[in-house]
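Read off the chains here:
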Amino acid sequence: MMRFVSNLHSSMIVSLVLFAPIFYLGIGGKYPWVLLGKYGIGLGMISFFILTLCFFLMSFIRYGNVINETLFYKIFNFNLILSILVAIAYDLIQYKHFLRFAYQQPTMLYVLSILAIIVIFLSIKLEKTRCNALWIFVICASYSSLHYLGSIYYFPLTEARSDMLPAISLSIQHFYDGFSPYHKSIESIGVPPYLPFTMISFIPAYLWNIDFRFITLVYWIISMVLIAYKINKFTMEQVCAICLFVINPYFLMRHEMYYQIFLLEMIVICLYLQYFNYAGKVIIFGVFISTLQFAWILMPFIILADSKSKSEAITKFILSTAIGFLISLIYIGINQTNLADFIKAMFLHKEYNSPYSSDITFGLSTVFYFAKSQVLLYIMQILSCLSIILYSIYLYIVKGNRSHNMYLSMSAICYMIFMTTNYFIETYLLAPLILYFIVSYKNENSTY
């Protein structure tokens, strides 16, 4: 079982490299498929369902028997250049599409992308992408960070494009004013369906009265530094996958995202947890589960991976849950109205009662576009993830399996199943999944 799970996890990381374009071509719920006419959207849904199915099927084969190292690097290098070319196209598209929001022609972003292509091309010629993992990662991380900074300059933050960060800002304002942080007070700004620590992570930007994207850039840069410090511990496949993740053109285009603190927490848990003592780990777990709901899927596996006994696992679960609950309660406030607003916000997304209306993107759920409701999909998702969690607990308690790496791989696979069968999915939500899938993998001989 351990070897099977580890091999599947490793193969899926290879698939992340080979299938890299499908993680940035799903740019919305209609375009460009609607341009194909009456059946365009349906065709898009079928196309992504088939591509996702191929992703999974290919992950069950032994790539070494089909793709040698030389071919793998050629595909990786091609996807590197292609990603930046698409990033140029996306920068132009968003400039044109959101011109009414005072978006400027992002000339320096075009220059930055061209320079990145030149540097990567020269690196390929010098074969640095093969022999120096740190070098190619630094190029990609620097490009993404500078691109993010340029996006903040060229593209003003406006709720008319996305109300995610404005909603967080309004929530913090309500918190400081003594009102319910999850109360809808402005018609044009929605209620953020995020857990309290996501909002708390933006408080420094709120207090300093700066663009919230600057604080996300800080979290992103810290994440890049932490990965760079461990990059030589990664397998060749992980290095290639993390580089393509970092320069994913869709994630670069979505410069108004809120989950950078969650990405940072994932990196700390997967790469640096062993440097913390018992109390530090429990605090990190508590913060993690009070940041985004996706952490709830991962935490059972992470606790099993980090515990040497049943009593330790139970104690960590209780303490981390208590800390997460306390963090949430401090932000929400002990008030019946506030709690009611919070619960309502957490269940904003109930799309499983309706026909599929999410993005045309990577996921098996797209096939439910042709169904009248997604209740069956929802049941399949819950049962699939619950069965993996229960099986892991069975292995831990009954079989006495204490394989740290196996439980992390199980968590990644469970997360993948959850997202690809989710009734609400937008392409930007794939970013935490891809990152976790990469950094959670470890060789059996890994020492970090």
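Because the structure is predicted, anything quoted here is derived from the model rather than measured.

Enquirer: Explain the packing of helix H14 (residues 278–289) against helix H15 (residues 294–306) to me, and be specific about the residues and the numbers.
Expert: Packing of H14 against H15 brings their axes to within 10 Å, and their N-to-C directions diverge by 165°. By the angle between their directions, the pair H14 and H15 is classed as roughly antiparallel. The handedness of the crossing between H14 and H15 comes out as right-handed. Residues Lys-281, Phe-285, Phe-288 and Ile-289 of H14 form the contact with H15, whose participating residues are Ala-295, Trp-296, Leu-298, Met-299, Ile-302, Ile-303 and Asp-306. Residue composition of the contact of H14 with H15, by class: nine nonpolar, no polar and two charged.

Enquirer: Explain the nonpolar core to me, and be specific about the residues and the numbers.
Expert: Ile-242, Phe-245, Tyr-258 and Tyr-259 are the most contacted members of the largest nonpolar core, which has 158 residues in total. In terms of residue count, helix H19 (residues 404–420) provides more of this core than any other element does, 11 residues in total. Discounting chain neighbours no more than four positions away, the residues touching Tyr-259 are Phe-251, Leu-292, Tyr-428, Ala-431 and Pro-432.

Enquirer: Give me the pattern of salt bridges: which residues, what numbers.
Expert: Taken as a whole and assessed by the stated rule, the structure comprises six salt bridges. The partner of Asp-306 in a salt bridge is Lys-316, with the nearest N and O atoms 2.5 Å apart. In this pair, Asp-306 sits in helix H15 while Lys-316 sits in helix H16 (residues 310–332), placing the two residues 10 residues apart along the sequence. For the pair formed by Asp-306 and Lys-316, the shared burial category is buried. Counted as one network, the salt bridges with shared partners bring together Lys-281, Asp-306, Glu-312 and Lys-316.

Rules behind the numbers
Residues numbered from 1 in each chain as written. Predicted model: local features only at pLDDT ≥ 70, side-chain atom pairs only at ≥ 80, totals over all residues. Heavy atoms only, no water. Axes fitted to C-alpha atoms, helices over the stretch in contact; angles between N-to-C directions. Helix = DSSP H or I, 4+ residues; strand = E, 2+ residues; numbered from the N terminus. Parallel < 35°, antiparallel > 145°, perpendicular 65-115°, else oblique. Left-handed = near helix turned anticlockwise from the far one by under 90°. Contact = heavy atoms within 4.5 Å. Nonpolar A, V, L, I, M, F, W, Y, C, P; charged D, E, K, R; others polar. Core = buried A, V, L, I, M, F, W, Y, C linked by side-chain atoms within 4.5 Å. Buried < 20%, exposed > 50% of the residue type's maximum accessible area, 1.4 Å probe, protein only. Salt bridge = Lys/Arg side-chain N within 4 Å of Asp/Glu carboxyl O.

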